[in-house]
Amino acid sequence: MIKLGLDRLLENPELRKPLWGRRVALLGHPASMTRHGHHALDALMALKELDIVAAFGPQHGMRGDKQDNMIETPDEIDPRHGIPVHSLYGEVREPTPAMLDGFDVLLIDLQDIGTRIYTYVTTLVYLMRACAAHGKTLWVLDRPNPAGRPIEGSLLEPGWESFVGAGPIQMRHGLTLGELAKWFVAHLNLDLDLHVVAMEGYRPNEAPGYGWPVMALSWVNPSPNASSLNMARCFPGTVLLEGTTLSEGRGTTTALELVGAPDLDMDRLLVRMERERADWLQGALIRPCWFEPTFHKHAGQRCAGFQIHTDNADYRHAHFKPYRLIALLFKCIRLEHPDYPLWRHFHYEYETERLAIDLLSGGTFLREWVDDPAAGPEDLEQRLQPDEAHWAEAVRPLLLYA
């Protein structure tokens, strides 16, 4: 049976000894749960032996209060324990000196989903840098990566750092948050007192979860639209839809598992995708469908699209390439409809000048490949493979779990 980092800390007094007599803060969110469904803050408070003085909340809040994307959360007082809860997705995204002065040790218990642009990764890095600069200790209570070990996509290019790209890591990075923290310590050359409370019994290469211990751990949404294991597996590709005029299914019950638009012939596009690169559609069931978002893009309009299913016996974890799948959709839209208004121009995650699709992909190359009529799937393959091989080699020494 898997034991989360949080559960190990709660069960083992020896692990907690270094925290005795020190002021402790917690960064958490709705999925910061024990395997029995108790929130980390409540469970740590119930020990009555640690001095928990403050909490921090990332995007969507500590307890979970914001449904839509890019909606800020204010600071507050925790209604149950009366301690301050500092928002790192409100007036500030990096901790202020006053926040840092209030604790000695920061516990981070966040459920990541294995994709670079997930803002919890950026919040982790901001806190690591701040704790290193102010002589604070930081503990990561490790959790599974539901997307598993496969690596896909590109490395973020220099100069393209943003709130959805904290550094030159892979789009689908294949690491747990604890492993990722170790990589950032080395990459940023941080003088940080970092401790990773590793999991026990975590086997990320085993079926059927391939990263998520199905039937051993309940799924709790780490963000409002991360509503299933299927979504987490699709997300390294479907998140790119946020930078386009296509619906990613926000306003439906299966956001970021869907793609569609009211003015596209999806059957025709799927035929073109099969013709261009059929192997990029393998590993999952691609189901043509119709849907009508109740809010967000194309609200109230019937969209032709498809849903990606990894929740069946035909799923092939090693063959499923969500990044390539969605990139191929973009390319085929451009081939079939050269003038289609694909790229969305809007303010995205505190950026007002650079295109969202470039921030998401970590550079301009993906958009330029899509828009170049002479560029084909093999050109993208040649761009991605070296990055994937480089990342796999760089992180191999950091892996905590076989």
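Notes on the structure follow. Numbers given to residues run from 1 along each chain, matching the order in which its sequence is written. In keeping with the model being predicted, local features are shown solely for residues with a pLDDT of at least 70 and side-chain atom pairs are shown and tallied solely at 80 or more, while totals for entire chains, interfaces and linings include all residues. Calculation of side-chain values draws on the structure's entire complement of heavy atoms; hydrogens and water are dropped beforehand.

A look at the overall build of the protein chain
Here comes step 1: Only DSSP runs of H or I covering at least 4 residues are called helices, and only runs of E covering at least 2 are called strands; the numbering of each starts at the N terminus. If you tally the helices and strands in the protein chain, you get 12 helices and 12 strands.
Here comes step 2: Its C-alpha atoms give the protein chain principal-axis dimensions of about 65 × 40 × 35 Å.
Here comes step 3: Think of it in three bands: with a 1.4 Å probe and only protein chains considered, a residue is buried below 20% of the maximum accessible area for its type, exposed above 50%, and partly exposed in between. With 402 residues in all, the protein chain has 61% of them scored as buried.
Here comes step 4: Contacts are assigned to residue pairs that have any heavy atoms within 4.5 Å of one another. Here the contacts in the protein chain between residues at least 6 apart in sequence split such that 75% fall between residues at least 24 apart.
Here comes step 5: For the purpose of charge, His is not counted, nor are the chain termini; Lys and Arg are scored as positive and Asp and Glu as negative. A charged residue contributes its charge at one atom only: NZ of Lys, CZ of Arg, CG of Asp or CD of Glu. Distance from the positive charge centre (39 side chains) to the negative charge centre (54 side chains) of the protein chain: 4 Å.

Some points on the nonpolar core
Here comes step 1: We call a set of buried residues a nonpolar core when its members are Ala, Val, Leu, Ile, Met, Phe, Trp, Tyr or Cys and they connect through side-chain atoms within 4.5 Å of each other. Counting 97 residues, the largest nonpolar core has Leu-106, Leu-246, Phe-330 and Leu-366 as the members making the most contacts within it.
Here comes step 2: Excluding residues within four positions of it along the chain, Phe-330 makes contact with Leu-240, Leu-241, Thr-244, Leu-246, Leu-342, Trp-343, Ile-357 and Val-370.
Here comes step 3: Val-24, Ala-43, Val-85 and Leu-107 belong to the second largest nonpolar core, which has 22 residues in total.

Quick word on the environment of Gly-305
Here comes step 1: As for its position among the elements, Gly-305 is in strand β12 (residues 303-309).
Here comes step 2: Each residue touching Gly-305, except ones within four places of it in the same chain, is listed here: Val-259, Gly-260, Met-266, Arg-287, Pro-288, Cys-289 and Phe-291.

Some thoughts on helix α7 (residues 229-238)
Here comes step 1: Counted residue by residue, α7 has 10 buried out of 10 residues, so it is predominantly covered.
Here comes step 2: Along α7, the residues classified as buried are Leu-229, Asn-230, Met-231, Ala-232, Arg-233, Cys-234, Phe-235, Pro-236, Gly-237 and Thr-238.
Here comes step 3: Those residues of α7 hidden inside the fold are in contact with β8 (170-172), β12 and α9 (322-336).
Here comes step 4: Looking at where α7 begins, the residue whose side-chain oxygen comes 3.3 Å from the main-chain nitrogen of Asn-230 is Ser-228. Each polar contact in these results corresponds to two N or O atoms within 3.5 Å; when the atoms are within protein, one needs to be able to donate a hydrogen and the other to accept it, and residues that are neighboring in sequence are counted only if both atoms are side-chain atoms.

Looking at the pattern of salt bridges
Here comes step 1: Think of a salt bridge as a Lys or Arg side-chain nitrogen and an Asp or Glu carboxyl oxygen that are within 4 Å of each other. Counted according to the given criterion, the structure contains 27 salt bridges.
Here comes step 2: Of the charged contacts, one joins Lys-17 and Glu-14 as a salt bridge, the two residues approaching to 3.2 Å between their closest N and O atoms.
Here comes step 3: Among the residues examined, Lys-17 registers a relative accessible area of 40% and is labelled partly exposed.
Here comes step 4: In this structure, the salt-bridge partner of Arg-250 is Glu-242, at a minimum N-O distance of 2.6 Å.
Here comes step 5: Using a relative accessible area of 5% as the deciding quantity, one classes Arg-250 as buried.
Here comes step 6: By relative accessible area, which is 5% here, Glu-242 ends up buried.

Overview of the sheet that holds β12
One key point about sheets: their strands pair by backbone hydrogen bonds, in either a parallel or an antiparallel sense.
Here comes step 1: Strand pairing is defined by DSSP finding a minimum of two bridges between the two strands. Spatially, 3 strands are ordered β10-β12-β11 in an open sheet, and the strand pairing comes out antiparallel. Single-partner strands in this sheet number two, and they are β10 (258-261) and β11 (285-291). Averaged over neighbouring strand pairs, the angle between their axes works out to 25 degrees when direction is ignored.
Here comes step 2: Where β10 and β12 come together, 4 bridges link them in antiparallel fashion. Note on β12: the bridge partner recorded for Gly-260 is Gly-305.
Here comes step 3: Packing against the sheet, helix α8 (residues 266-277) makes contact with β10, β11 and β12, and its axis sits at approximately 45 degrees to β12. Whenever a helix is involved, its axis is fitted only over the stretch in contact; in every case the axis is a line through C-alpha atoms, and angles between N-to-C directions fall within 0 to 180 degrees.

Points about the layout of surface pockets
Here comes step 1: As a volume, the largest pocket reaches approximately 220 Å³.
Here comes step 2: Taken together, 15 residues make up the lining of the largest pocket; nearest its centre are Gly-201, Arg-203, Glu-206, Trp-212 and Pro-213.
Here comes step 3: Of the residues that constitute the lining of the largest pocket, the class distribution is 10 nonpolar, 3 polar and 2 charged. Grid spacing is 1 Å over the protein atoms alone, the probe is 1.4 Å, and a cavity is where that probe fits but cannot get out, while a pocket is an open set with protein on both sides within 12 Å along at least five of seven lines and lining residues have an atom within 4 Å of a point. Grid points are joined across faces, edges and corners, and a volume is the space filled by probe spheres set on the points. Three categories are distinguished: nonpolar for Ala, Val, Leu, Ile, Met, Phe, Trp, Tyr, Cys and Pro, charged for Asp, Glu, Lys and Arg, and polar for the others, with Gly belonging to the last.

Describing unusual backbone geometry
Here comes step 1: In this structure, Pro-208 follows Ala-207 across a cis peptide bond, with omega equal to 0 degrees.
Here comes step 2: As for its position among the elements, Pro-208 is in the loop between β9 (193-197) and α7.
Here comes step 3: You will see that Tyr-210, though not glycine, has its phi angle at about 50 degrees, which is positive.
Here comes step 4: Positive phi values are uncommon outside glycine, yet His-298 reaches one of about 60 degrees.
Here comes step 5: Inspection of the secondary structure puts His-298 in the loop between β11 and β12.

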